[in-house]
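# Remarks on the overall topology
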Number of protein chains: 2
Amino acid sequence: MPHPQARAVASGASRAPARPVRSRPGRPPKNGDVALRESILDVAEELFARRGYEGVSTRAVAREAAATPAMIHYYFNSKRELFDAVFERRAAVLNRERMAALDAYQAEAAGETTIEGAIAAFLHPVLAKLLSGEPGWRNYLELVAQVGNKHEWGGEVMTRSFDPVIERLIHLIGVAMPGATEQDLFWAYHFLSGALLLTLSETDRIDRLSRGLCRSTDIAAIEPRLVQFAAAGFRRVCAQRPS
Amino acid sequence: MPHPQARAVASGASRAPARPVRSRPGRPPKNGDVALRESILDVAEELFARRGYEGVSTRAVAREAAATPAMIHYYFNSKRELFDAVFERRAAVLNRERMAALDAYQAEAAGETTIEGAIAAFLHPVLAKLLSGEPGWRNYLELVAQVGNKHEWGGEVMTRSFDPVIERLIHLIGVAMPGATEQDLFWAYHFLSGALLLTLSETDRIDRLSRGLCRSTDIAAIEPRLVQFAAAGFRRVCAQRPS
DNA sequence: GCCGTAATTAATCGGTCGTATAATTAATTG
DNA sequence: CAATTAATTATACGACCGATTAATTACGGC
């Protein structure tokens, strides 16, 4: 079963448009085609992730989605609203899964929560998306990484989408470390967040640096190490002995 | 002594162009004015950092630097070469300082190097730039953060500019941890790098998340915590007991 | 079978983009 | 002082940008 990266963009090599030429205007005949709206979202997701918000024109999105610029205006009104739709489409899914994972862990640990366990539960849903190899999710997470490190409206967009889960995580870790200051918990999360975002962006930076020894797409190698790294970091930063 | 953020952009509120109207063409009279080339670099640095490479037009740079588009072509040939000039101008300075810091630490520790010490020496020059408040450096580092998380040509640019110092750091830590695998060292650095980049970007993400308890510009709070966090992480990831 | 509505195309508006060239003027050199 | 070089302006080219409108066609409900 091929991934439903519907129309044109996922076809890779060949650049032939999916729907050949529907030249005359009017409502299209009801064939089994995937909704155009979703195709536009998929294409925009990929392009925004690769070239950034300003690096992508709505016309380019339309072109690759085998649509016209007017269709984007029809479904999304503006470029910015298209971006928001792309961003929030999968954020909802991810938040649900992450919340469920934290719930499940908390129930299973039953009062004996560990930092490692909480962090692992928090990270796993995201990293599993990368591991799955679904190009849609990989593009989306690459986009998240890019937005998360952007000064301009990065902070606002990320906050709006992800804060509740993160507050949950920090609270859970706080329970596992009774002595910890709130500041220390937040700062430690800040570092964890940075490490995660860089992982999501999947630059080939570490590949080059390690001369091929590590591959930035090797989630199986990253996940346990990130959990250990972050958990140890949390413990050290939040240890209340005054430096 | 005001910072030499020379021409127009640092003037903040008032939008009056620095050099009022020099309408006719020809070489300008030799006054004590700062070189236009540097002004262009300063403005480009700021704008690229705020809005990203594609989000900035060469015309906007010219406008804010009180120049014409042709001057940018005159000094830098193309937008991309302008970007590279911006990126490499301060990278050279930073690399020199970082290398010196690692040298100094290695000499001072004399065989008894610690992970904390090596990481602190590696981080301090960068964080000191942020702490200094110089807008040029803050803009530059914000730009680095953005590029470092960009899939497209991020990996290549970062590699070209920063790899030697990083190899030095990793080697130094490797000496302090004889048992460590190379892979583990590289992965741990990857996480440290992510945490650092997010810090450099100075989004107000953590400010919002912590409801003002932490401020992303508070380098004095970040520096010791990041050193501790990363050092503990390195130790844990590189501890050779097989998971 | 008619009609309102949903989905599409073509065409267009004013504006901006990156890049290039020729003309012009001041400084420098001999 | 003459000739060369460095730094600047004005102007322009062709392409692309985001957004909008009017026309067109098929579907769904009655």
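Residues numbered from 1 in each chain as written. Chains lettered and ligands numbered in written order. Predicted model: local features only at pLDDT ≥ 70, side-chain atom pairs only at ≥ 80, totals over all residues.

### Here we look at the overall build of chain A
To be explicit about the condition: Under the scheme used here, helices are H or I runs from DSSP no shorter than 4 residues and strands are E runs no shorter than 2 residues, and both carry numbers assigned from the N terminus. Throughout, a residue-residue contact means that the two C-beta atoms, derived from backbone geometry, are no farther apart than 7 Å.
Secondary structure assignment for chain A yields 10 helices and 0 strands. For chain A, the N- to C-terminal ordering of α and β elements is α-α-α-α-α-α-α-α-α-α. Residue pairs at least 24 apart in sequence account for 68% of intrachain contacts in chain A once pairs closer than 6 positions are excluded.

### Describing the protein's contact with DNA strand D
Worth spelling out the cut-off: In this entry, near means the residue's backbone-placed C-beta atom lies within 6 Å of the molecule or strand. Note on residue classes: Ala, Val, Leu, Ile, Met, Phe, Trp, Tyr, Cys and Pro are nonpolar, Asp, Glu, Lys and Arg are charged, and everything else, Gly too, is polar.
In the vicinity of DNA strand D there are 29 residues, among which Gly26(A), Arg27(A), Ser57(A), His73(A) and Pro25(B) approach most closely. Of all the secondary structure elements, the ones that give two or more residues to the surface near DNA strand D are helix H2 (58–64) and helix H3 (69–76) of chain A together with helix H3 (69–76) of chain B. Element by element, the count of residues in the surface near DNA strand D is highest for H3(B), at 4 residues. A per-class count over the surface near DNA strand D returns 13 nonpolar, 8 polar and 8 charged.

### Some words on the packing of helix H4 (residues 79–109) of chain A against helix H5 (residues 115–132) of chain A
Residues and elements named next belong to chain A. To be explicit about the condition: The convention used is that axes are lines fitted to C-alpha atoms, helices contributing only their stretch in contact, and that angles between N-to-C directions extend from 0 to 180 degrees. We call two directions roughly parallel when the angle between them is under 35 degrees, roughly antiparallel when it is over 145, roughly perpendicular when it lies between 65 and 115, and oblique otherwise. Note: crossing handedness is left-handed where the near helix turns anticlockwise from the far helix by less than a right angle, and right-handed where it turns clockwise.
Two elements in contact, H4 and H5, have axes whose closest approach is 8 Å; the angle formed by their N-to-C orientations is 150°. Taken as axis vectors, H4 and H5 run roughly antiparallel relative to one another. The two elements H4 and H5 meet at a crossing, and its hand is right-handed. In contact with Leu 94, Glu 97, Arg 98, Ala 101, Leu 102, Tyr 105 and Ala 109 of H4, H5 contributes Gly 117, Ala 118, Ala 121, Phe 122, His 124, Pro 125 and Val 126.

### Topic: the nonpolar core
Spelled out, the test is: Here, a nonpolar core denotes buried Ala, Val, Leu, Ile, Met, Phe, Trp, Tyr and Cys residues that are linked to one another through C-beta atoms within 7 Å. Comment: burial labels come from other C-beta atoms within 10 Å of the residue's own C-beta, placed from the backbone, where a count of 20 or more is buried, 12 or fewer is exposed, and between is partly exposed.
Core analysis: the largest hydrophobic core is formed by 141 residues, its most contacted members being Ile173(A), Ala188(A), Ala195(A), Ala188(B) and Ala195(B). Apart from the residues within four sequence positions on either side, Ala188(A) is in contact with Gly233(A), Phe234(A), Val237(A), Cys238(A) and Phe229(B).

### Here we look at the relation of the copies chain B and chain A
The test is simple: Superposition of the copies used a least-squares fit over C-alpha atoms from residues whose pLDDT is at least 70 in both.
Mapping chain B onto chain A is achieved by rotating through 180° and translating by 0.0 Å along the same axis, at an RMSD of 0.1 Å. Here the transformation between the copies is reduced to the relation of a two-fold axis. Here 100% of the interface residues in chain B have copies in chain A that are interface residues too; the copies meet face to matching face.

### Points about the interface of chain B and chain A
Facing the 56 residues of chain B at the interface are 56 residues of chain A. For the side of chain B that touches chain A, the elements supplying multiple residues, two or more each, are helix H1 (36–51), helix H6 (135–148), helix H7 (151–176), helix H8 (182–201), helix H9 (205–209) and helix H10 (219–238) of chain B. A total of 14 residues in the side of chain B that touches chain A trace back to one element, the largest contributor, which is H8(B). Looking at side-chain class alone, the side of chain B that touches chain A contains 22 nonpolar, 19 polar and 15 charged residues.

### Observations concerning the protein's contact with DNA strand C
Inspection of the region around DNA strand C gives 29 residues, with Pro25(A), Ala70(A), Gly26(B), Arg27(B) and Ser57(B) positioned closest. Listing elements by their share of the surface near DNA strand C, those giving two or more residues are H3 of chain A together with helix H2 (58–64) and H3 of chain B. Per-element tally for the surface near DNA strand C: the top contributor is H3(A), with 4 residues. For the surface near DNA strand C, a count of residues per class yields 13 nonpolar, 8 polar and 8 charged.

### Some thoughts on H7(B)
Residues and elements named next belong to chain B. To keep it simple, the criterion reads: In this analysis, the expected span of each helix is defined as 1.5 Å times one less than the number of residues it contains. Bend, at a single residue, is the angle you get between axes fitted to the 7 residues ending at that residue and the 7 residues starting at it.
The end-to-end C-alpha distance of H7 is 32 Å, clearly below the 38 Å that 26 residues give at a rise of 1.5 Å each. Considering bend angle alone, the principal kink of H7 is centred on Phe 162 and spans about 65°; proline Pro 164 follows within four residues of it. Residues His 151, Gly 155, Val 157, Met 158, Val 165, Leu 169, Ile 170, Leu 172, Ile 173 and Ala 176 constitute the buried set of H7.

### Observations regarding helix H6 (residues 135–148) of chain A
In a regular helix each residue adds 1.5 Å, so 14 residues correspond to 20 Å; H6(A) covers 20 Å between its end C-alpha atoms and thus fits that length. Here H6(A) lies mainly inside the structure; 12 of its 14 residues are buried. Trp137(A), Arg138(A), Asn139(A), Tyr140(A), Leu141(A), Glu142(A), Leu143(A), Val144(A), Ala145(A), Gln146(A), Val147(A) and Gly148(A) are the residues of H6(A) that are buried. Considering only its buried residues, H6(A) is in contact with helix H1 (36–51), H4, H5, helix H7 (151–176) and helix H8 (182–201) of chain A together with H7 of chain B.

### Brief notes about the confidence of the model for chain A
When pLDDT is low, close inspection of the predicted coordinates is not appropriate. This is how it is decided: pLDDT measures how confident the predictor is about each residue, on a scale from 0 to 100.
Predicted confidence across chain A gives a mean pLDDT of 89, with 88% of residues reaching 70 or more. Throughout residues 1–20 of chain A the model reports pLDDT below 50, and contacts reaching past four residues in sequence, or to other chains, amount to 30 contacts.

### Some thoughts on unusual backbone geometry
As a rule of thumb, non-glycine residues mostly have phi less than zero, and peptide bonds are mostly trans rather than cis. Phi at Arg211(A) takes a positive value of approximately 55°, unusual for a residue other than glycine. By C-beta crowding, Arg211(A) is classed as exposed, having 10 other C-beta atoms within 10 Å. The backbone phi angle of Glu202(B) is positive, close to 50°, even though this residue is not glycine. With respect to the helices and strands, Glu202(B) occurs in the loop between H8 and H9. Under the C-beta neighbour-count criterion, Glu202(B) is labelled buried, with 22 such atoms within 10 Å.

### Quick notes on the environment of His124(A)
Looking at where His124(A) falls in the secondary structure, it is placed in helix H5. For the pair His124(A) and Arg98(A), spaced 26 residues apart in sequence, the C-alpha separation works out to 8.1 Å.

### Quick notes on the environment of Arg89(B)
One can find Arg89(B) in helix H4 (residues 79–109). With 104 residues separating them in the primary sequence, Arg89(B) and Ser193(B) have C-alpha atoms 21 Å apart.

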